[in-house]
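Analysis of the macromolecular model
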Amino acid sequence: MSENRVDLKQLIMLIKANKDFEANLILDEGCVLMTDDPKPLVKVLNYLINYLGQQSEKPLEISLDLRTSDNLLSLMVYTDKSDLPEVSSEVEDVLKSYKASLERIHESGKYLQFKVSFAH
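Quantities reported herein were computed from a predicted structural model and do not represent experimental measurements.

About the thresholds
- Residues numbered from 1 in each chain as written.
- Predicted model: local features only at pLDDT ≥ 70, side-chain atom pairs only at ≥ 80, totals over all residues.
- Heavy atoms only, no water.
- Pairing = 2+ DSSP bridges.
- Helix = DSSP H or I, 4+ residues; strand = E, 2+ residues; numbered from the N terminus.
- Axes fitted to C-alpha atoms, helices over the stretch in contact; angles between N-to-C directions.
- Parallel < 35°, antiparallel > 145°, perpendicular 65-115°, else oblique.
- Left-handed = near helix turned anticlockwise from the far one by under 90°.
- Contact = heavy atoms within 4.5 Å.
- Nonpolar A, V, L, I, M, F, W, Y, C, P; charged D, E, K, R; others polar.
- pLDDT = per-residue confidence, 0-100.
- Core = buried A, V, L, I, M, F, W, Y, C linked by side-chain atoms within 4.5 Å.
- Buried < 20%, exposed > 50% of the residue type's maximum accessible area, 1.4 Å probe, protein only.
- Expected span 1.5 Å × (residues − 1).
- Phe/Tyr/Trp six-rings, centres within 6.5 Å; stacked < 30°, edge-to-face > 60°.
- Salt bridge = Lys/Arg side-chain N within 4 Å of Asp/Glu carboxyl O.

Considering the sheet that holds strand β7 (residues 111–119)
Strand order in this open sheet of five strands is β2-β4-β5-β7-β6, and the pairing throughout is mixed. Looking at which strands have only one partner, the edges of the open sheet turn out to be β2 (23–27) and β6 (100–107). Across this sheet, the average inter-strand angle for adjacent strands is 10 degrees, counted without regard to direction. In the sheet, strand β4 (residues 60–66) pairs with strand β5 (residues 70–78) via six bridges, with the strands oriented antiparallel. The residue bridging isoleucine 62 from the neighbouring strand is leucine 75, located in β5.

As structure tokens, then:
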């Protein structure tokens, strides 16, 4: 298989266009990945968006930052919930195949955020 260039900004915009959810987007240009198969990544991003959407009625806050050492995708939602279900363990396994890591930040009763860092 040959590697394909995946533009993360275009990917997020495509997911947003295909799913019916409210989101505020701040997306940098130039955040790209080289991968054989983007489908598992699309599934993981859909999963994280669905997970966040279940925690609040408020719009998602999605940002994509082009940084020198990595591309940082932040998915956040304001929520008053304190008890949240566990995130599927498969998420981190899939992200590893894209040289990415996941950080989950939950400020109980305030917000829930996922930071996905894609190494260059």
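Regarding the packing of helix α1 (residues 8–18) against helix α2 (residues 39–53)
The geometry of α1 relative to α2 is characterised by a closest axis approach of 11 Å and an angle of 55 degrees between their N-to-C directions. Judged by the inter-axis angle, α1 sits oblique to α2. Relative to α2, the crossing made by α1 is right-handed. Contacts between α1 and α2 involve Leu8, Leu11 and Ile15 on the former and, on the latter, Leu41, Val42, Leu45, Asn46 and Ile49. Across the contact of α1 with α2, the residue classes tally to seven nonpolar, one polar and no charged.

Some words on the confidence of the model for the protein chain
Per-residue confidence for the protein chain gives a mean pLDDT of 95; residues scoring 70 or more make up 99%. Of all secondary-structure elements in the protein chain, the lowest mean pLDDT belongs to strand β1 (residues 4–7), at 93, while β4 reaches the highest, 98.

A closer look at the nonpolar core
Counting 34 residues, the largest nonpolar core has Leu41, Ile62, Leu73 and Phe118 as its most contacted members. Elements supplying a minimum of two residues to this core: α1, β2, α2, β4, β5, α3 (89–96), β6 and β7. Take this core: its biggest share by element is seven residues, from α2. Aside from chain neighbours lying at most four places away, what touches leucine 73 is Ile12, Leu45, Ile62, Ser63, Leu64, Phe114, Lys115, Val116 and Phe118.

Notes on α2
With 15 residues, α2 should cover 21 Å at 1.5 Å per step; its first-to-last C-alpha distance of 21 Å lies within 8% of that length. When α2 is considered as a whole, its buried residues turn out to be Leu41, Val44, Leu45, Asn46, Leu48, Ile49, Tyr51 and Leu52.

Observations concerning the packing of aromatic side chains
Per the stated rule, a full pass over the model turns up two aromatic pairs. Note on tyrosine 51 and phenylalanine 114: the rings are 5.5 Å apart at their centroids and 65 degrees apart in plane angle, and the pair reads as edge-to-face. On the criterion of sequence distance, the pair formed by tyrosine 51 in helix α2 and phenylalanine 114 in strand β7 is long-range, its members being 63 residues apart. Note on tyrosine 51: relative accessible area 5%, which makes it buried. Note on phenylalanine 114: relative accessible area 0%, which makes it buried. Cluster of aromatic residues (ring-pair linked, three or more members): Tyr47, Tyr51 and Phe114.

Some words on the pattern of salt bridges
For the structure shown, the criterion picks out two salt bridges. Notably, a salt bridge pairs glutamate 29 with lysine 9, separated by 2.7 Å at the nearest N-O pair. Taken as a pair, glutamate 29 in the loop between β2 and β3 (32–35) and lysine 9 in helix α1 lie far apart in primary sequence, 20 residues in all. Of the charged contacts, one joins arginine 67 and aspartate 70 as a salt bridge, the two residues approaching to 2.8 Å between their closest N and O atoms.

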